[in-house]
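Structure assessment
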Amino acid sequence: MASWLGGLGSGLGQSLGQVGGSLSSLTGQISSFTKDILLEGTEEVGDAPTELQVSSSRLREIESTHASQRLENERLKKVCSDLEEKHEAAELQIKQLSIEYRNQLQQREVEISHLKARQNALQEQLQKLQTAAQSAQLGAGVLPPTTTSASFVPVVRHHSSGFQGDDMDFGDVIWSQQEINRLSNEVSRLESEVDHWMLIAQSSRVQGTNNADQSEICKLQNIIKELKQNLSQDIDEHQHELSVLQDAHRQKLAEISRRHREELSEYEERIEELENQLQQGGAGIEITDHSKISDLQKNIQILQTEKLEDTQNMKELEDKVKNLNEKLSSVENENKILLNERELETLLKEQGKKLPLMTSSEEEVLRLQQALLDAEKEIMRLNTLNQEELQKKLASLQHKNEDITSASIEDTNLELNQLRQELERKEDELKESITERATLTAELEELDKQNQETMQHMITLKEQLSKQHTEADSTINQLKLDIDFERRKVSEVEAEKMEMSKELETQKSKMNHCTFALNDLHMSNQQLQHNIKDLQEQLKKSQDCNLNNKKEIAELKQNLKQKEEELSVSQNELTKIINQEPNSNSQDLSLKEREAEIAKLNKDISENKQLNRNLEKSVCDLKMENGKLLAVCEELKQQLHEAFAEKNKVSLEKDTMLEVLKMEKGQLETELSQTEKRLLEQAQKYEQTIEDLSNARNMNTNALQLEHERLVKCNQERDFEIAELKRNIEQMEADHEETKEMLTTSLGGQKQLTELIKEKEVFVEKFKTRALELQQELEEYVKDSKKHEILRQHLEEKDKSLAAMKEENNHLKEEIERLKDQQSRSPPVAEPKTLDIITELEAEITQLHVIKNNLEEEIKLHKKTIEDQSQNTVQLQQSLQEHKREIDESKFQYEQMNVSHEKLFLEKDEEIKSLQKTIEQIKTQLHNERHVFQTDSSDLFQETKAQTLNGENGNEKHDLSKSEIERLVKGIKEREKEIKLLNEKNVVLTQQIDHLSKDQVGKLTQIIQEKDFELQALHASISSSSYRQDVLYLRQQLQAYAMEREQVLAVLSEKTRENSQLKTEYHKIMDMVAAKETALMKLQEENQKLSNRFESSSQDMFRETIQNLSRIIREKDIEIDALSQKCQTLLTVLQTSNIGTDSGSGGVNSNQFEELLQERDKLKQQVKKMEEWKQQVMTTVQNMQHESAHLQEELHKLQAQISVDSDSSSKLQMDYNGLIQSYEQNEKKMKSFSQELAQVQHRIGQLHNTKDLLLGKLDMVTPPLLMASSVSQASDIPSSTPPEIVSDASKLLQQELEQLKKMLQEKDVTIRILKENNQRLSDSMAATSELERKGQKDTDPEMKQIKGKCDVFQKSLREKDLLIKSKSDQLLSVSENLSNKENENELLKQAVTNLKERNLILEMDICKLKEENEQIVARCREKETEFRALQETNMQFSMMLKEREFESHSIKEKALAFEKLLKEKEQGKMGELNHLLNEVKSMQEKAVSFQQERDQVMLALKQKQMDSSALQNEVQHLRDKEQRLNQELERLRNHLLEMEDSYTQEALAAEDRETKLRKKVMVLEEKLVSSSTAVENASHQASLQVESLQEQLNLVSRQRDETLLQLTMSQDQVKQYALSLANLQMVLEQFQQEEKAMYSAELEKHQKQTAEWKKKAEKLEGRVESLQESLEEANAALDAASRLTEQLDLKEEQIEDLRKQGEIKQEMLEDAQNKLMNLINSTEGKVDKVLMRNLFIGHFHTPKNKRHEVLRLMGSILGIKKEELDQLLSEDQKGVTRWMTGWLGGGGAGSKSVPSTPIRPTNQSVFNSSFSELFVKFLETESRPNLPLPTLSVHDMKPLGAAGICNPSSTRSSSHTETTGSGTSRRPDANPFLAPRSAAVPLITPTSLGAGGSGHLLMKSISDALPTFTPLPVLPDASAGAVLKDLLKQ
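Residues numbered from 1 in each chain as written. Predicted model: local features only at pLDDT ≥ 70, side-chain atom pairs only at ≥ 80, totals over all residues. Heavy atoms only, no water.

Digging into the overall build of the protein chain
In terms of helices and strands, the protein chain carries 29 helices and zero strands. Taken over 1930 residues, the protein chain has a buried fraction of 30%. (Helix = DSSP H or I, 4+ residues; strand = E, 2+ residues; numbered from the N terminus. Buried < 20%, exposed > 50% of the residue type's maximum accessible area, 1.4 Å probe, protein only.)

Written out as structure tokens, the structure is:
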């Protein structure tokens, strides 16, 4: 509908534009028409009958077209209604079918997922069988197969979902069909492979080494066949898709061409009809008045051109509608694809939520997200996937063909050629599809442009409509006032009804009333519809009457034509008679009779004209009435809309009443009463309006019915919603009751929690106060340090001044010595001068001494102040230590709090003891069960304590009410903020926690001793009677505690989940930071570009600094992540240790220590992962830089395109604005024309008055004629009018006809008089012209003489002028030269000023750049400071880690010691245990103290190194800055000097030019003076000649004046005659204009009518087309639905077959497994010869200096001790033989299950590694466990060749490459938490090395030297590598 409306809007806009154009052309034509008539007015002869004939024929044509268009409109309306009904029905059917098919598709998808799961299980079983078969073959000595497990990875193909033209359901079905086909193919392939492995397993027992080659050949042949099948399937699928697309394209083309032909044929028929009508009209008319006929023909041509334009516009609109529909369909398909993708994402997210909330949930969620990203990427690369798959298949075929024998090579080559040809064909197809896509995009752009144009047209339409709406708004306002008045009444009634709202029964009755009122409304609607139908019938009747009138008019016109023909005949006869007998009397009589007949005919014509006018008026009145009725209908529609809106309000009020029935029942009644009142009032209004509009016509009932149906549907939907809401309310009530119960249970637990929170708050407040005190002290220290620095600066300044003074002193001393020498040399005369100088110098020296003493005193004072400050610093350090002690005391208090908690637990222990006392009597009998009891009790005590605390917390957390939970959440948030503030002091706290942990260990030992004593006492005093009962009781308690423990574990899992969520949020924040950093990088790059323009040298420096900064920031982020994770793990360890101390009164549990070890291992693995991730991030950053460069280039290109587009759009807008202005101007012109028309009419009135005066003079001629005309009128009236229609209207028409006839007669008389006057004037003009000719003949010779004299004078004047011009030209050239020189000077001056301005600008830019550099340097310094702080924190954390590791070691040792103690305790060895414990404690304390000292020293060292490096960097930076600034200064100086030189040279040159020019000017002035004298002489002679000529001229002028007087006299006479002529012409023109105005008005009316009908026809045609298209779409959807049902049936059958096949395969697999198990049992105890041989040969291939490492490694693997190995190695030659014998002799026991998989070297670095490292790698790969394949979705699997063929270096099988998302085969240890959105590019591309790299056996290619095996899948975090590296270290 939207597209249809858009098409209509655009069509209307274009048609309006064309109407405006046609109006402007009409106005132009009218003006030209009037001009032509004015020019030809003198020659025209009025011929009324011919004009009448033309107009009548034109009227008939218009009426016929009008009738045909009306019939077409009615037919189209019927077709539209039928099509709309069909469309609605089809839409409903399609909706139902689509729902059913979607349900079926979901079922099929579930079945497919089951089949996939089964397929994965089969694959796992196959792999197991494969590995078992390989081991069996190895045991039997058979050569292992060379096929890798990569061949078993299913080939995943992603097919595009059909073509976009189809519906989405059809595409889904095709996809599911393809999936089923693929699965069936894979099942068949797996069956063949199972058979193959079965054969291998059977042959491994019977056959020897001969059958191995045959089995390999069979395998390769099978693989080749499978690849061929896959290829053929791909080709078939592509061909099928192509054929479907081609069919759809052909169908669309056929439809378009068919429509085009039909439209062409219709237009051709119309054109032929018009031509026929024109020919018919032209045949009957004799052309008498050429000008009028030509004008009419012009009008007809204009109308035809307009018609053609309309048809063209229709075509364009239809094309646009089609294009828009296609675009809509494509957009809908894209939307559906996006929706499916979103549904996929939501499904994956739901699956992620449903997974158990374990610790691995984070990894799984991230893996799913990565899988989603991979799926999106694969969808984006669907076009290229086919090529890649084919290429990979070709590569695999080539690799396998090399291994096959020479016989199969030729066949495979042929197959390869065929495959290549197919590949080329597919590539061509791909290119074609790309070109098609490009064309489609171009078409889309064109459509967008057209859409914009249509929108602009729509805007203009809206503006016009808004003007029309303003008129309607006035009526609406009046109605609103009435409504307001009635609403006031309603409010009064509502106030009265408020009292009645208490009773429920009245509510129900009023609900019923409401329903009745609704029914009444419906009834009133029906009555309205009936009224409308009546009105329509009346309209039809009036239309019939109109048609009858038109028929009568047509008959009248025919009569007129006959009369005119008779007239013409009579005129011809008259002329003949006049020619034959000019002087007969009979002629006069016949003339009179003819004149009487002519008068009658004229009367008839006037009557007919009046009839025409009356009919046109009636038609206009009818149109006006129609318009009024339409307006009334619109008002009715608006009122109905308001009524429906009020109905909607009523329904909404109903809903609210139903929801709040229980809470507020009174409001319902008032609202119902309001609705009743409103409905009654509306009904009254509607009745009144129906009575008022009883004469209304033409109402559309379809829209009302549709709206009514929509309202009914809305009511039904609301009822359903009410029912659903009721159910929801019931559920809410049930939930409310449950929550109430939960609240009651949670109140008790909440009190305990609040107490705990209060205690924690007290602690936090204490810490806050301490922190504030410390901060204040720190601030004081900072102030003191600042003062200290200021004093230092002063001191330095003083030192400098002292040095300067000393230098001056030295200088003075030297001068004194010099003076003394001079004094000794100088004569006695100069003594007084020297004495004066000496005295002055001495005075100065004394002053300097004084200054020196003062400075020394100041230095002493400064030293004292420095000493005081150092004392202050010492005091401050002491105070700091005191604060530390206070913190320790606070921690001690915290420990005491822990002790108080422990006392609570001890009370519970006492209760247990009371129970145990009852058991004491039983204990003597049951000594055998002692050990069990000890273990149970120790575990029990630990668990009970943990469970009591955690269980209470868990229950409290589960049972809290909502309000209390909100309060707690707020409190927790505040605590988190405080914790963030305290994290800065984390280092100090961790050190204190270390001390705490030591104290807790001591306490634990004491508690263990106490418990041991208690156990001994219990052993001593147990009796046997009541033991069993107590045991049962204790077991029950145990079960209860186990339940609590499970609850605690659940709480823990929730905590871990929250922790994981926080981590994910943290990583998200990190991503945001990274994004901001990238933005910063971009800004910096832009700065660099600006600086590059001025400084090319500083480019590299900027780049390096920016890259270093980015790297540093990223490394810091990674380090921060690692440290935060370490902190969290350390805190968890400490918390668990605290819980252990609280609860572990019965003994330390070894499980805690194991957990600590596992966490440590995990931390190590995470560190490794972090390092790898860092490398990957570096590579990704580099890749991103490259990509950003490309993207910037593309951005520039796009910007250029955008600028071009914007220019074009601006031009279009300018054109559009011009068109609008022209349209407005035309409108203004139209208004001015209307004003002129009014003026013309006024003038016509004046002319009528003048005409009456003229007629008064001509009374002699008119009376007899009038008498005759009255007689003819009397006789003709009864004959002309039929007796049926004798009414008031006909009488009026007759009266008007009579008046018109009178007017015509008067005009004829006036025309005759004017003709006579014309003849007289023409005679007088001829006489005057003859007189003028005679006068001219006399004056001609005199004029000739005067002309001759004038020519002589002119020649002499011309010669003088030429002289003057030559001189002036010379002057001008000189002046031009001068001006040029001046311009050059000005240009030079401007250049100078410009250069100065440029200099200033450059200086400004340099300043800006310097400021930017300074800012960058400041940022660098900030980053460096941050880096230092982070390094310090990192150091502290590393120290913490080391301490934790040390503690873990010590705790391990303690655990071992405790275990020994427990064992010895049973044997009675208490004293030794205590002694050992004391020793362990002392050793631990010593170790801790040593570690702390070492760590402090290391920290101090590193800090000093950092400071020194920072200072060096600053110094270098400053030096570089100085150098740069100096260079810039020198460059600027040189530049300025050069500029000044150039300016001076230019100034000198300019001065030289000025002197030369001045000389030239002087010469020219002299020449000018000489020439001016010559000119003056010549001018004097010329003046004398001119005077003589002037005298002659005066005489001639007198003669001329006399002739002029005569001329003026004659011209006055001519003017008088012309005035009289003009008056007569004006009269004629006015008559002609009146006639023209009549005809033009009629033409315009008919044109408007035709235009309106055309528009209606276009609208209806557009509707018909849209409905046809929707019908076609519905039919296509039904066809697709039928096809889908067939396909679904087929798929169900296939699924059943596949299920059966799967069951058979399972049975086969079970048999194979049993056989393999037997094989494995038979081959378990055998030695692997190949491994032994490899190790033996490897030993000899290693260099001699590294062989002892090999021997040690082998010894460590075989379990030989270090001492024995050292002894063996000390004996050089014997050791080897012993190693040989020991290896060969004792190797059987150790090599039961040794795998034999040598690794290919993956990189060039392998050559540099030692044999031991290679061997470790080999063992790592072999020792990794074989894990089952993960079940991933089909989208996540990669095709073949991803890992198996292309990457032979990968140690894991390709079937396991996708365990952690995309790309894990390249980076197996990537951390999923820190992985970026875009998959990282690998750092090192694995390159398989060939043989011959080195002499080492392990370096050679495996196929030559060693047998190959299938590599086993291994997890990325396998800890085998770590174990082997530990072994190597040992």
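What about the nonpolar core?
Among soluble globular proteins, nonpolar side chains are generally buried collectively. Among the nonpolar cores identified, the biggest contains 15 residues, and Leu 126, Leu 129, Val 194, Trp 197, Leu 1709 and Leu 1716 are the most heavily contacted of them. Those elements giving two or more residues to this core turn out to be helix 2 (48-140), helix 3 (168-206) and helix 22 (1470-1722). Counting nine residues, the second largest nonpolar core, distinct from the first, contains Leu 1735, Phe 1815, Val 1816 and Phe 1818. (Core = buried A, V, L, I, M, F, W, Y, C linked by side-chain atoms within 4.5 Å.)

So, the packing of helix 24 (residues 1747-1758) against helix 25 (residues 1762-1770)
Put simply, helix 24 and helix 25 touch, their axes get as near as 10 Å, and they point 150 degrees apart. Along this stretch, helix 24 crosses helix 25, giving a crossing that reads as right-handed. Within the contact between the two elements, helix 24 uses His 1748, Leu 1751, Arg 1752, Gly 1755 and Ser 1756 and helix 25 uses Leu 1765, Asp 1766 and Leu 1769. For the contact of helix 24 with helix 25, the class distribution of residues is three nonpolar, three polar and two charged. (Axes fitted to C-alpha atoms, helices over the stretch in contact; angles between N-to-C directions. Left-handed = near helix turned anticlockwise from the far one by under 90°. Contact = heavy atoms within 4.5 Å. Nonpolar A, V, L, I, M, F, W, Y, C, P; charged D, E, K, R; others polar.)

A short note on the packing of aromatic side chains
In the structure shown here, the tally under the stated rule is one aromatic pair. Taking the centre distance of 5.4 Å and the plane angle of 80 degrees together, the rings of Phe 763 and Tyr 894 count as edge-to-face. Of this pair, Phe 763 sits in helix 12 (residues 701-825) while Tyr 894 sits in helix 13 (residues 831-919), and the two are 131 residues apart along the sequence. By relative accessible area, which is 40% here, Tyr 894 ends up partly exposed. Taking NZ or CZ as reference, Lys 766 lies 5.6 Å from the ring centre of Phe 763, over its face. The positively charged end of Lys 1656 is found above the aromatic ring belonging to Trp 1653, 4.5 Å away from the centroid. (Phe/Tyr/Trp six-rings, centres within 6.5 Å; stacked < 30°, edge-to-face > 60°. Lys NZ or Arg CZ within 6 Å of the ring centre and 35° of its normal.)

Here's the deal with the pattern of salt bridges
A complete count under the given rule lists 27 salt bridges for this structure. Put simply, Glu 111 and Arg 108 hold a salt bridge, and the shortest N to O gap is 3.9 Å. Taken together, the residues span about one helical turn, with Glu 111 and Arg 108 both in helix 2 at a distance of three residues. Arg 108 matches Glu 111 in its accessibility class, with the two residues each being buried. The residue Lys 1410 makes a salt bridge to Glu 1528 at a minimum N-O spacing of 3.9 Å. Note that Lys 1410 is positioned in helix 21 (residues 1288-1467) and Glu 1528 in helix 22, a separation of 118 residues in sequence. Residue Glu 1528 is classed as buried on the basis of its relative accessible area, which comes to 13%. It is possible to trace a salt-bridge network through shared partners that takes in Arg 108, Glu 111, Glu 1692 and Arg 1699. (Salt bridge = Lys/Arg side-chain N within 4 Å of Asp/Glu carboxyl O.)

Digging into the confidence of the model for the protein chain
Across the protein chain, pLDDT averages 76, with 76% of residues at or above 70. Averaged pLDDT values for the elements of the protein chain fall to 43 in helix 20 (residues 1262-1280) and rise to 89 in helix 22. Below pLDDT 50 for its whole length, residues 951-960 participates in 21 contacts with residues either more than four positions away or in separate chains. (pLDDT = per-residue confidence, 0-100.)

Describing a negative patch on the surface
On the surface, a cluster of negative charge is made up of Glu 72, Glu 266, Glu 268, Glu 269, Glu 272, Glu 273 and Glu 275. Per-element tally for the negative patch: the top contributor is helix 4 (residues 211-283), with six residues. Positionally, Glu 273 belongs in helix 4. (Patch = residues over 30% accessible without salt bridge, like charges linked within 9 Å, V, L, I, M, F, W, Y side chains within 5 Å. Areas by Shrake-Rupley, 256 points an atom, 1.4 Å probe, with all protein chains shown as cover. Lys, Arg positive; Asp, Glu negative; His and termini not counted. Charge placed at Lys NZ, Arg CZ, Asp CG, Glu CD.)

Re helix 24
The end-to-end C-alpha separation of helix 24 is 16 Å, in line with the 16 Å expected for 12 residues at 1.5 Å each. Among the residues of helix 24, those classed as buried are Val 1750, Leu 1751, Leu 1753, Met 1754 and Gly 1755. Following helix 24 by one or two positions, Gly 1759 adopts a phi angle in the positive range, close to 90 degrees. (Expected span 1.5 Å × (residues − 1).)

Topic: a positive patch on the surface
A surface patch of positive charge is lined by Lys 77, Lys 1656, Lys 1659 and Arg 1663. Relative to the helices and strands, Arg 1663 is located in helix 22. When its relative accessible area of 34% is taken as the criterion, Arg 1663 is described as partly exposed.

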